[in-house]
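A closer look at the structure
Given next are the chains, with one letter for each unit.
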Amino acid sequence: MNNKKNKQLSYLEGVKEVVILTAAVAIIAAAVYFFLVPSHTSVSSISGLGIVLSNFVPLPLSAITMILNVVLLVIGFFTCGREFGIKTVYTSIMLPVFIGIFEKIFAGYDSMTGSQELDVICYILVVSVGLSILFNRNASSGGLDIVAKIMNKYLHMELGKAMSLSGMCVALSAALVYDKKTVVLSILGTYFNGIVLDHFIFDHNIKRRVCIITEKEEALRKFIIHELHSGATIYEAIGAYNKEKHNEIITIVDKSEYQKLMAYINHEDPKAFITVYNVSHMQYQPKVWE
């Protein structure tokens, strides 16, 4: 019975994950089709490069984006190996699929705002929603993320700089087709897009160091190890006022694990004493003391 129940839970979690990823990709595709395409700019994305190439290649944007993503995924698998998970493959394929759906349903669509500048601003705001969902689910939209990882591995360039450089190259490609104003908007759009997404793209490796003193120490220890699949260290702490001894549990978690941990503590022991620190670099993995 337990095995059957666990399988059902795993299946439901899998379905939930697919639904969330699909919704995020749909938001990104909508941002591309309804705002980026009408603006004719080439803001930091594979879709932006596809818009430029559509002026030379007799294929719809969805087909060009699909080809570019598939080529980059193949290169990524050969160069970067297993770090490219099934989520990135799924989102990279679904993005052009959704763009293709919008092309058929809203054929000949023109600008919603009637302003090139507003289209770029709306694109940055809308696409950041979809990308934030993906990054919070430990996924990405593929495309320039793959290019940046390849540059990071073989050119030893920081991921943030690699992402900015590849994005600027795409933005400058607008000069091959469009006027100076469009090129400037593409570059500015890429810059501001990086600012908006900086937290979601470049800070995804930042973890939180959570220090907890709770009366339900053993239950919390088991939750961290068996539910979060994380490590923890236990120290003896002595209160300065009454010199009472307490055990302090310290664990390092990512954003999604942190949310689960806080939800658990708030439910099980709302009076627990908690301090939280951001950790951007670790030289060792936390050990589990048993």
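Fair warning: this is a prediction, and the values are worked out from it, not measured in the lab.

Points about the sheet that holds strand β1 (residues 207-213)
- Spatially, β2-β3-β1-β4 is the arrangement adopted by the 4 strands of the open sheet, whose pairing is antiparallel. Whereas interior strands pair on both sides, the edge strands pair on one side only; in this sheet they are β2 (233-238) and β4 (273-279). For this sheet the average axis-to-axis angle between neighbouring strands, irrespective of direction, equals 25°.
- Relative to strand β3 (residues 245-253), β1 is paired through 6 bridges, and the arrangement is antiparallel. Bridge pairing in β3 places Ile213 opposite Glu248.
- With respect to the sheet, helix α9 (residues 217-227) is in contact with β1, β2 and β3, its orientation differing from that of β3 by roughly 15°.

Some remarks on the packing of aromatic side chains
- If you walk through the whole model with that rule in mind, you get 8 aromatic pairs.
- One aromatic cluster in this structure is built from Tyr33, Phe34, Phe102, Phe106 and Tyr109.

Regarding a nonpolar patch on the surface
- A cluster of nonpolar residues, Phe56, Val57, Leu59, Ile67, Val71, Ile75 and Leu176, forms a patch on the protein surface that exposes about 620 Å² of accessible area.
- A relative accessible area of 32% means that Val57 is categorised as partly exposed.

Overview of the confidence of the model for the chain
- In the predicted model, the chain carries a mean pLDDT of 80, and 83% of its residues have values of at least 70.
- With pLDDT under 50 throughout, residues 283-290 is counted as low confidence; its partners more than four residues away or in other chains account for 12 contacts.

Some details on the side chain of Thr182
- When you line up the elements, Thr182 lands in helix α8 (residues 180-201).
- Among the residues examined, Thr182 registers a relative accessible area of 4% and is labelled buried.
- Reaching out from Thr182, the side chain makes a polar contact with the side chain of Gln116 at a distance of 3.0 Å.
- Contact partners of Thr182, with chain neighbours within four places excluded, come to Ser39, His40, Thr41 and Gln116.

Describing the nonpolar core
- Counting 31 residues, the largest nonpolar core has Phe98, Phe102 and Tyr123 as its most contacted members.
- At the level of elements, α1 (2-39), α4 (86-105) and α5 (116-136) are the ones that each hand at least two residues to this core.
- When residues in this core are grouped by element, the largest group, 13 residues, is from α1.
- The residues contacting Tyr123, other than those within four sequence positions of it, are Ala31, Val32, Phe35, Leu36, Val43 and Ser45.
- Within the second largest apolar cluster, 15 residues are counted, among which are Ile249, Tyr258, Leu261 and Tyr264.

Rules and cut-offs
- Residues numbered from 1 in each chain as written.
- Predicted model: local features only at pLDDT ≥ 70, side-chain atom pairs only at ≥ 80, totals over all residues.
- Heavy atoms only, no water.
- Pairing = 2+ DSSP bridges.
- Helix = DSSP H or I, 4+ residues; strand = E, 2+ residues; numbered from the N terminus.
- Axes fitted to C-alpha atoms, helices over the stretch in contact; angles between N-to-C directions.
- Contact = heavy atoms within 4.5 Å.
- Phe/Tyr/Trp six-rings, centres within 6.5 Å; stacked < 30°, edge-to-face > 60°.
- Patch = residues over 30% accessible without salt bridge, like charges linked within 9 Å, V, L, I, M, F, W, Y side chains within 5 Å.
- Areas by Shrake-Rupley, 256 points an atom, 1.4 Å probe, with all protein chains shown as cover.
- Salt bridge = Lys/Arg side-chain N within 4 Å of Asp/Glu carboxyl O.
- Buried < 20%, exposed > 50% of the residue type's maximum accessible area, 1.4 Å probe, protein only.
- pLDDT = per-residue confidence, 0-100.
- Polar contact = N/O pair within 3.5 Å; in protein donor to acceptor, adjacent residues only side chain to side chain.
- Core = buried A, V, L, I, M, F, W, Y, C linked by side-chain atoms within 4.5 Å.

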